[in-house]
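# Fold and contact review
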Amino acid sequence: MTTENSSFGLDYAPAPESASMVQFDDEYGLFIGGCFVAPKSGQTIDTINPATEKRLATVARGDAEDVNDAVAAARKAFEEHWSSTSGSVRARYLYRIARQIQERSREFAILESLDGGKPIRESRDVDLPLVAAHFFHHAGWADKLEYAFPNRDIRPYGVAGQIIPWNFPLLMAAWKLAPALACGNTVVLKPAETTPLSVLLLADVLNDVDLPPGVVNIVTGAGATGEALVKHPDIDKLAFTGSTEVGKWIRQSAASRHLPLTLELGGKAANIIFEDAALDQAVEGVVQGIWFNQGHVCCAGSRLLVQESIAEDFTDRLKRRMESLRVGDPLDKNTDVGAINSAEQLEKITELVNAGIAEGAQMHQNSCKLPDKGFWFSPTVFTKVQQSQRIAREEIFGPVLTIQTFRTPDEAVEKANNTPYGLSAGIWTEKGSRAHWMAMRMRAGVVWLNTFNKFDPSSPFGGYKESGFGREGGIQGLASYVQDSTGSF
Amino acid sequence: MASQLPIPKTFKLFIGGKFPRSESGHTFQIRIPNGRLLANAAKASRKDLREAIRNSRSAQGGWSRRTAYNRGQVLYRVAEMLDARREEFTGILIDGGSEAEKAKSEVERTVERWIWYAGWADKVVQVLGSVNPVAGSFFNFTVPEPTGVVVHSVPDETPLLALTSRLAPAIVTGNTSVMLVGEGAALISMSFAEVLATSDIPPGVVNILTGSVTDLLPWALGHLDVNAVDLTGIPADLPDELLTETAENLKRLVYGDPLAASPEVISCFLEMKTVWHPIGR
């Protein structure tokens, strides 16, 4: 496929990564007690490549009975050995996992792009390095917990149920597994319906490093599978990353059972550009903020707030830059924006974008020709946006940016915080005092000053308000997987 | 002689630094264990609760933006004001049914607890925050911030120390609090409100409502301008299903040991904010 770029009249020869280096099975069972077993449900789901709509593999659709088996295996592993396995031994397992992932990094990256639609440039350069780093970082905590929690008598919860989304499948698995295992919990992990393959390949790694059976169990499936895990009476801790809507339902279920919970939910982050910002850098930051991973990012900078004095100039620069983005084959190393993860998500994005047009906002799109097959959405910017419009208030979870303006720092704070979400915020200014003044006032868990969408295992990530609670990463993230011996949390 | 005839006191609510009656006009009687009428107290309504939450919200921004040094001094001032009235508060606890030695000790521990938490004001960030060694050219740090407006259900046992042990760790970092106090703890709590009112605690930072916690708490659980609910003194008869109400705005649920004192209690009322900035020439 040749991608034309109309702004510069340049053609790019295709530079596809070969899919042949990754081997995966045609059919997968559930990973319970250290081996793959056929689901008792007898049901399966086909997982497809969203860029071609072709079937990649068939995976199990676990039901309540399957979840029960997985929880029982996790319980058995916890009681029989994992809870008494020393921190230094747990550390060894995590280090070994990290190393194996580094060794097989390209393979995982290709599979992540095949199954999820994200550009290989991102799965190769962002997702996989962070996955390995996350295991490596937490490995070192496993035998140092008494220093992380001084003057406390802490212990693991026991069996942790973990439900992860489809936008960063393997990375979210790493964010969940690494701290849980480091702190001595065992896990039942449920990957997303549309992106199970990289997590199933991870099961290979877990066996290769001889992680004892039952310490990590993987139950694939859809909403009902997740529901069975949430409602299972024998889990001691629940962690969920996904939509605020589902998160609220999980909270209802967990709260009445006093079940310890971590939620990492949606966002509608402001990315704020002051007139004194380094404008070209800020343009790149906005691109990184909204078009990274097709905008399938909970902390995406989806609401651009530009100071009025530079709004026209900045919008022009951004539109020019948007036009240079290459949309297409996720396995092509030149691709900037890959495929939308699923038909369902494409429909949701389309519906919200249509609402934006109907409510009077003005749409601007990249003119890149989209492939005939697969799920695609062009990078999109809306101007003439009112706060009352749905595109300005609801999480779109796609490559769609709204632009609004402000005059004063106070107005920027007011507008940025005018949302029930509170996951992240971006601020662009060359004035240090103002950057920190703004950062203090953002009701958000992660604030990027003159940068955006940066992640690190030592850097705690998580939301304020309806973006959830609990942190992942760093010493603060560890706290989500230990309890005081008194049992209070 | 008329001067020897006791004067039963009329307690009201403590909202926004003032002592209003309940808008409902409802009251209840506080009697000492042998049955003699000691005081009347206000039975707070849903509307009183809303008013208290509104005052908490108004006060929160300003309180959280004060310097930690200043908040520490304000909490220390509470200890000073209570310490000056130790004997009076011991007597009130005895009136409420406590044994003399236990009452004396409870007041002393309460004074000590205010001093202890006062000292935490400018240490929380250093103990719970961090500078994070990210793999890249960035300065990255994590700081705790107050979660916002907290509604507490205050335990009935050891009421003065329990109220302090839930309130002080919440407000020391810049949260504002609404304390829901049952009838059994009304006497000491509203007396303590008078200590707060004459200390330097700004109006609205602490609000105290007396009455039925079982009646009031469900409204707090469902209120969309409440950031956290402290369930330490949750009434045993409150159905667990009511906690599902907290899902609507995902307010934080806090559980704890009623008399615990530790930085972990402080951390229950905090959010962690992580800030990134590039490093370059």
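Position numbers for residues count from 1 along each chain, tracking the sequence in the order it is written. Labels are handed out in written order, letters beginning with A for the chains and numbers beginning with 1 for the ligands. Reporting in this predicted model follows two pLDDT cut-offs: at least 70 for local features of residues, and 80 or more for side-chain atom pairs to be given and counted; totals over whole chains, interfaces and linings ignore these cut-offs and use all residues.

### With respect to the overall build of chain A
A run of H or I in DSSP becomes a helix once it reaches four residues, and a run of E becomes a strand once it reaches two; helices and strands are each numbered from the N terminus. The number of helices and strands found in chain A is 16 helices and 22 strands. Our radius of gyration is a C-alpha quantity, and the globule rule it is checked against amounts to 2.2 Å times the number of residues to the power 0.38. Radius of gyration (C-alpha) of chain A: 22 Å, near the 23 Å computed for a compact globule of 489 residues. For the C-alpha atoms alone, the extent of chain A along its principal axes is close to 65 × 50 × 35 Å. Here the contacts in chain A between residues at least 6 apart in sequence split such that 73% fall between residues at least 24 apart. By the criterion used throughout, residues are in contact when their C-beta atoms, derived from the backbone, lie within 7 Å.

### Quick notes on the overall build of chain B
When helices and strands are tallied, chain B shows 9 helices and 11 strands. Taken over the C-alpha trace, chain B has a radius of gyration of 20 Å; the compact-globule value for 281 residues is 19 Å, and the two agree within 12%. With 281 residues in all, chain B has 52% of them scored as buried. A separation threshold of at least 6 residues defines the contact pool for chain B, and within that pool the share at least 24 residues apart is 76%. Buried means a residue has 20 or more other C-beta atoms within 10 Å of its own C-beta, exposed means 12 or fewer, and partly exposed covers the counts in between; C-beta atoms are placed from the backbone.

### A look at the pairing of strand E9 (residues 159–163) of chain A
All names here are of chain A. Most of E9 sits inside the fold, with 5 of its 5 residues counted as buried. Here E9 shows no split at all, with Val159, Gly161 and Ile163 on one side and Ala160 and Gln162 on the other all buried. Of the pairings in the sheet, the one linking E9 to strand E10 (residues 186–190) comprises 5 bridges and is parallel in character. In the sheet register, Ala160 faces E10, and the bridge partner there is Val187. When the strands point away from the viewer, a crossover counts as right-handed if the path from the first strand over the helix to the second runs clockwise. The parallel pair E9 and E10, bridged by helix H6 (residues 169–182), forms a crossover whose chirality is right-handed. For two strands to be treated as a pair, DSSP must find at least two bridges joining them. Note: E9 against strand E12 (residues 237–241), 4 bridges, orientation parallel. Its bridge partner lying in E12, Gly161 is registered against Leu238.

### Here we look at the sheet that holds strand E8 (residues 206–211) of chain B
All names here are of chain B. Reading across the sheet, the 5 strands line up as E8-E7-E6-E9-E10 and stay open at both edges, with parallel pairing between neighbours. With partners counted over all chains shown, the strands left at the sheet margins are E8 and strand E10 (252–254), one partner each. Here the strands of the sheet are splayed against their neighbours by 15° on average, with no regard to which way each runs. Note on definitions: angles span 0 to 180 degrees between N-to-C directions of axes, and those axes are lines fitted to C-alpha atoms, for helices only across the stretch in contact. Contacting strand E6 (149–153), strand E7 (176–182), E8 and strand E9 (228–230), helix H6 (residues 159–171) runs over the sheet at an angle of about 165° to E7.

### Considerations on the interface of chain A and chain B
Tallying the contact residues gives 35 residues for chain A and 32 residues for chain B. For the side of chain A that touches chain B, the secondary structure elements donating two or more residues are helix H9 (244–255), strand E20 (446–449), strand E21 (468–469) and helix H16 (474–478) of chain A. Under the scheme applied here, ten amino acids are nonpolar (Ala, Val, Leu, Ile, Met, Phe, Trp, Tyr, Cys and Pro), four are charged (Asp, Glu, Lys and Arg), and all others, including Gly, are polar. Its residues assigned to classes, the side of chain A that touches chain B shows 15 nonpolar, 12 polar and 8 charged. Pairing between E20(A) and strand E11 (residues 270–278) of chain B: 3 bridges, direction parallel. In the strand pairing of E11(B), A:Trp448 is matched with B:Trp276.

### Points about the sheet that holds E11(B)
One open sheet accounts for 10 strands, arranged E16(A)-E17(A)-E18(A)-E15(A)-E14(A)-E19(A)-E20(A)-E11(B)-E5(B)-E4(B); its pairing is mixed. Looking at the sheet topology across the chains shown, the edges are occupied by strand E16 (362–365) of chain A together with strand E4 (130–131) of chain B. Seen against the sheet, helix H10 (residues 279–291) of chain A touches strand E14 (270–273), strand E15 (303–307), strand E18 (400–406) and strand E19 (424–428) of chain A and runs at an angle of roughly 165° to E19(A).

### What to know about the nonpolar core
Think of a nonpolar core as buried Ala, Val, Leu, Ile, Met, Phe, Trp, Tyr and Cys residues chained together by C-beta atoms that fall within 7 Å. Grouped together as the largest cluster of nonpolar side chains are 244 residues, with contacts concentrated most on A:Leu94, A:Phe135, A:Ile272, B:Leu180 and B:Leu209. The element best represented in this core is H6(A), accounting for 11 residues. Domain borders in the structure are assigned automatically or taken from a domain database. Viewed by domain, this core spans two of them, domain 1 (19–265 + 465–484) and domain 2 (270–449) of chain A, each represented by three or more residues. What A:Ile272 contacts, discounting residues up to four positions off in sequence, is A:Leu305, A:Ala412, A:Ala416, A:Gly426, A:Ile427, A:Trp428 and A:Met438.

### Topic: H10(A)
All names here are of chain A. Between its first and last C-alpha atoms H10 spans 18 Å; for 13 residues at 1.5 Å apiece the expected length is 18 Å, and the two agree. Residues Ala282, Val283, Gly285, Val286, Val287, Gly289, Ile290 and Trp291 constitute the buried set of H10. The elements touched by buried residues of H10 are E14, E15, helix H11 (311–323), E18 and E19. To estimate the expected span of a helix, subtract one from its residue number and multiply by 1.5 Å.

### Some points on the confidence of the model for chain A
The pLDDT score gives, residue by residue, the confidence of the prediction method on a 0 to 100 scale. Averaged over chain A, the pLDDT score is 96; the fraction of residues at 70 or greater is 97%. Segment residues 1–5 of chain A is flagged for pLDDT under 50; beyond a separation of four residues in sequence, or across chains, it makes 16 contacts in the model.

### Observations regarding the confidence of the model for chain B
On average, chain B scores 95 in pLDDT, and the residues at 70 or more come to 99%. Here the predicted complex carries an ipTM of 0.96, next to a pTM of 0.96.

### Examining unusual backbone geometry
All names here are of chain A. Of note in this structure, Asn293 is not a glycine but carries a positive phi near 55°. The residue Asn293 is located in the loop between H10 and E15 in this model. For Phe397, which is not glycine, the phi torsion reads 60° and is therefore positive. Positionally, Phe397 belongs in the loop between helix H13 (390–393) and E18.

### What about the environment of A:Val205?
Residues and elements named next belong to chain A. As for its position among the elements, Val205 is in helix H7 (residues 197–208). Spatially, the C-alpha atom of Val205 lies 31 Å from that of Phe397, the residues being 192 residues apart in sequence. Those residues in contact with Val205, other than ones at most four positions away along the chain, are Ile97, Gln100 and Ile101.

### Quick word on the packing of helix H4 (residues 120–142) of chain A against H6(A)
All names here are of chain A. The interhelical angle for the contact between H4 and H6, taken along N-to-C directions, is 5°, at an axis separation of 9 Å. By the criterion of interaxial angle, the relationship of H4 to H6 is roughly parallel. Along the contact surface, H4 presents Asp127, Leu130, Val131, His134, Phe135, His138, Ala139, Trp141 and Ala142, while H6 presents Leu170, Leu171, Ala174, Trp175, Ala178, Pro179 and Ala182. Partitioning the contact of H4 with H6 into residue classes produces 13 nonpolar, 2 polar and 1 charged. Angular relationships are summarised with four words: roughly parallel below 35 degrees, roughly antiparallel beyond 145, roughly perpendicular across 65 to 115, and oblique for the angles in between.

### A short note on the domain arrangement of chain A
Residues and elements named next belong to chain A. Per the domain assignment, the segments making up chain A are domain 1 (19–265 + 465–484) and domain 2 (270–449). Measuring from the centre of the C-alpha atoms in domain 1 to the corresponding centre in domain 2 gives 30 Å. With 22 residues of domain 1 at the contact, the number on the domain 2 side is 27 residues. For the side of domain 1 that touches domain 2, the secondary-structure elements that each account for two or more residues are helix H3 (105–116) and H4. Classifying every residue of the side of domain 1 that touches domain 2 gives 8 nonpolar, 7 polar and 7 charged.

### Focus on the environment of B:Val107
All names here are of chain B. Here Val107 shows up in helix H4 (residues 100–120). The spacing of Val107 and Pro203 is 96 residues in sequence and 24 Å in space, taken between C-alpha atoms. Setting aside residues no more than four positions away along its own chain, Val107 makes contact with Arg86, Phe89, Thr90, Leu93 and Leu160.

### Description of the environment of A:Ser485
The topology assignment puts A:Ser485 in the segment after strand E22 (482–484). What A:Ser485 contacts, discounting residues up to four positions off in sequence, is A:Asp153, A:Ile154 and A:Arg155.

### Examining helix H1 (residues 46–65) of chain B
All names here are of chain B. For H1, built from 20 residues, the straight-helix expectation of 28 Å at 1.5 Å per residue is met to within 8% by its first-to-last C-alpha distance of 29 Å. A residue's bend is given by the angle between axes fitted to the 7 residues ending at it and the 7 residues starting at it. Taken as a whole, H1 carries its principal kink of about 35° at Ala59. For H1, the secondary structure elements touched by its buried residues are E6, E7, E8 and helix H8 (213–222).

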